[in-house]
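Listed below are the residues making up each chain.
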Amino acid sequence: MGVTSAVAAERDREAPEVAGSGDLWRAAPPADADLDAAEAFYARRSIGFTVAAAPALATRLAARGYARDRAWTKFVRGVEPVAHARTDLRVEDVGPALAPAFGAVVAAGFGLPEAFGGWFAAVPGRPGWTCLAALDGREPVAAAALFAAGRQGWAALGATLPGHRGRGGRGALLAARVERARALGLTRLVSETGAPVGDEAPGPSHRNLPRSGFREVARRANLAGRRADLPRAPAR
């Protein structure tokens, strides 16, 4: 819908260092009718929703009563090796046998319903995607992915099961994706995670990305078109 197009259209004006091909984001901002249609779609289903919006669109959404939610922090780095990535877990590529467990780990790590596991399990093997898992023995306990397009890569889907956090899995998977990016001939990696709110401590990804050589380049607002009593999205 037009909302998605508007988010994309404003991306390279807000943070050109993070954007990919400039032509990819040439789309018209949504008309009021587009916003009306999007809101009606979710209202009919009694579903809350959030829009990632650059400043011009964020101002319009705020005027329509959308509430500020946790922003996205955008990060970028080159493909030089990660200095330190210690873990007692073993990192492996995800093939068909590990795909269901990969999907389950990503869904659980993000606090999503189990049904999302099948959706994430369909990612390994798709064009442009490299999926990795960190295993404790034979059990995948952390997962992550790299999507390559041209000379750039997106470090995505980094998640760890709650009972296995603090073991270096995220850092090891970041280091592995940097190595894979270099092997693929990429020159730049981008990633994102939820920004701290108020005096809240940064989440695990917000700590691990800078440790792994990523630097913050932008923050994009998220605005929630939903009931005010629903909880804010958690940091990850």
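Residues numbered from 1 in each chain as written. Predicted model: local features only at pLDDT ≥ 70, side-chain atom pairs only at ≥ 80, totals over all residues. Heavy atoms only, no water.

Chemist: How would you sum up the overall build of the chain? Please name residues and give values.
Modeler: Each helix and strand counted, the chain has eight helices and eight strands in total. Relative to its full complement of 236 residues, the chain shows a buried share of 44%. In the chain, 74% of the contacts between residues at least 6 apart in sequence involve partners at least 24 apart. Total accessible area computed for the chain in this model is approximately 11900 Å², and 56% of it derives from carbon and sulfur atoms. (Helix = DSSP H or I, 4+ residues; strand = E, 2+ residues; numbered from the N terminus. Buried < 20%, exposed > 50% of the residue type's maximum accessible area, 1.4 Å probe, protein only. Contact = heavy atoms within 4.5 Å. Areas by Shrake-Rupley, 256 points an atom, 1.4 Å probe, with all protein chains shown as cover.)

Chemist: Outline the confidence of the model for the chain, listing residues and values.
Modeler: Across the chain, the average pLDDT comes to 83, with 84% of residues at or above 70. Segment residues 1–26: pLDDT under 50, and 50 contacts once partners within four positions in sequence are set aside and those in other chains are kept. (pLDDT = per-residue confidence, 0-100.)

Chemist: Which residues make up unusual backbone geometry, and what are the values?
Modeler: The phi torsion of most residues other than glycine is negative, and most of the peptide bonds are trans. For Ser46, which is not glycine, the phi dihedral falls at a positive 55°. Along the chain, the position of Ser46 falls in the loop between helix H3 (32–44) and strand S1 (49–53). A relative accessible area of 64% places Ser46 in the exposed class. Of note in this structure, Leu157 is not a glycine but carries a positive phi near 60°. Residue placement: Leu157 occurs in strand S6 (residues 152–160).

Chemist: Go over the nonpolar core, please, and point to the residues and values.
Modeler: In this structure, Val94, Phe102, Val106, Cys131, Leu157 and Leu173 are the most contacted members of the largest nonpolar core, which totals 25 residues. Elements represented by at least two residues in this core include exactly helix H5 (99–109), strand S4 (129–136), strand S5 (139–149), S6 and helix H7 (169–183). Setting aside its immediate chain neighbours within four residues, Leu173 contacts Val91, Leu132, Ala133, Ala134, Ala142, Ala143 and Ala144. Judged by nonpolar contacts, the second largest core, of 13 residues, contains Phe75, Leu174, Ala175 and Leu186. (Core = buried A, V, L, I, M, F, W, Y, C linked by side-chain atoms within 4.5 Å.)

Chemist: Can you lay out the pattern of salt bridges for me, pointing to particular residues and giving the numbers?
Modeler: Under the criterion given, the structure shown has 12 salt bridges. Linking Arg64 and Asp32 is a salt bridge whose minimum nitrogen-to-oxygen distance equals 3.8 Å. You can see Arg64 sitting in the loop between helix H4 (55–63) and strand S2 (67–77) and its partner Asp32 sitting in helix H3, a full 32 residues away along the chain. A salt bridge links Arg167 to Asp88, with the nearest nitrogen and oxygen atoms 2.9 Å apart. Here Asp88 lies in the loop between S2 and strand S3 (90–93) and Arg167 lies in the loop between S6 and H7, a separation of 79 residues in the sequence. Overlapping salt bridges bring together Asp32, Asp36, Glu39, Arg60 and Arg64 as one network. (Salt bridge = Lys/Arg side-chain N within 4 Å of Asp/Glu carboxyl O.)

Chemist: Any details on H3? Residues and values, ideally.
Modeler: Because an α-helix packs 3.6 residues into every turn, residues spaced three or four apart end up facing the same way. With 13 residues, H3 extends 18 Å from end C-alpha to end C-alpha; this agrees with the ideal 18 Å at 1.5 Å per step. With its phi angle positive at about 55°, Ser46 sits one or two positions after the end of H3. (Expected span 1.5 Å × (residues − 1).)

Chemist: Before we move on, could you go through a nonpolar patch on the surface and cite the residues and values that matter?
Modeler: A grouping of Leu112, Phe116 and Trp119 is seen on the molecular surface, where their side chains present a nonpolar patch of about 320 Å² in accessible area. Assignment of secondary structure puts Leu112 in the loop between H5 and helix H6 (116–121). Leu112 gets classed as partly exposed once you look at its relative accessible area, which sits at 33%. (Patch = residues over 30% accessible without salt bridge, like charges linked within 9 Å, V, L, I, M, F, W, Y side chains within 5 Å.)

Chemist: Any chance you could break down empty space enclosed by the protein for me, citing the residues and the numbers?
Modeler: Per the stated rule, a full pass over the model turns up two cavities of 30 Å³ or more. Considering only enclosed or pocket space, the largest cavity measures out at about 160 Å³ in volume. Gly158, Arg170, Leu174, Arg177 and Ser205 are the residues nearest the centre of the largest cavity, which is lined by 18 residues in total. Within the residue set of the lining of the largest cavity, elements represented by two or more residues are S5, S6, H7, strand S7 (188–194) and helix H8 (204–211). In terms of residues, the lining of the largest cavity owes the most to one element, S6, which gives six residues. (1 Å grid on protein atoms, 1.4 Å probe; cavity = no way out; pocket = protein on both sides within 12 Å on 5 of 7 lines; lining within 4 Å. Points joined across faces, edges and corners; volume = space filled by probe spheres on them.)

Chemist: A description of the sheet that holds S1 should follow, citing residues and the corresponding values.
Modeler: Spatial strand order, S1-S8-S2-S7-S6-S5-S4-S3: eight strands in an open sheet with mixed pairing. Each end of this open sheet is capped by a strand with a single partner; those strands are S1 and S3. Averaged over all neighbouring strand pairs, the angle between strand axes comes to 25°, with direction disregarded. Looking at chain direction, S2 and strand S8 (residues 215–225) are connected through eight bridges and run antiparallel. Residue pairing for S8: Thr73 is matched across the bridge by Arg219. Across the sheet, H5 is in contact with S4, S5 and S6; its angle to S5 comes to roughly 95°. Across the sheet, H7 is in contact with S2, S3, S4, S5, S6 and S7; its angle to S5 comes to roughly 30°. (Pairing = 2+ DSSP bridges. Axes fitted to C-alpha atoms, helices over the stretch in contact; angles between N-to-C directions.)

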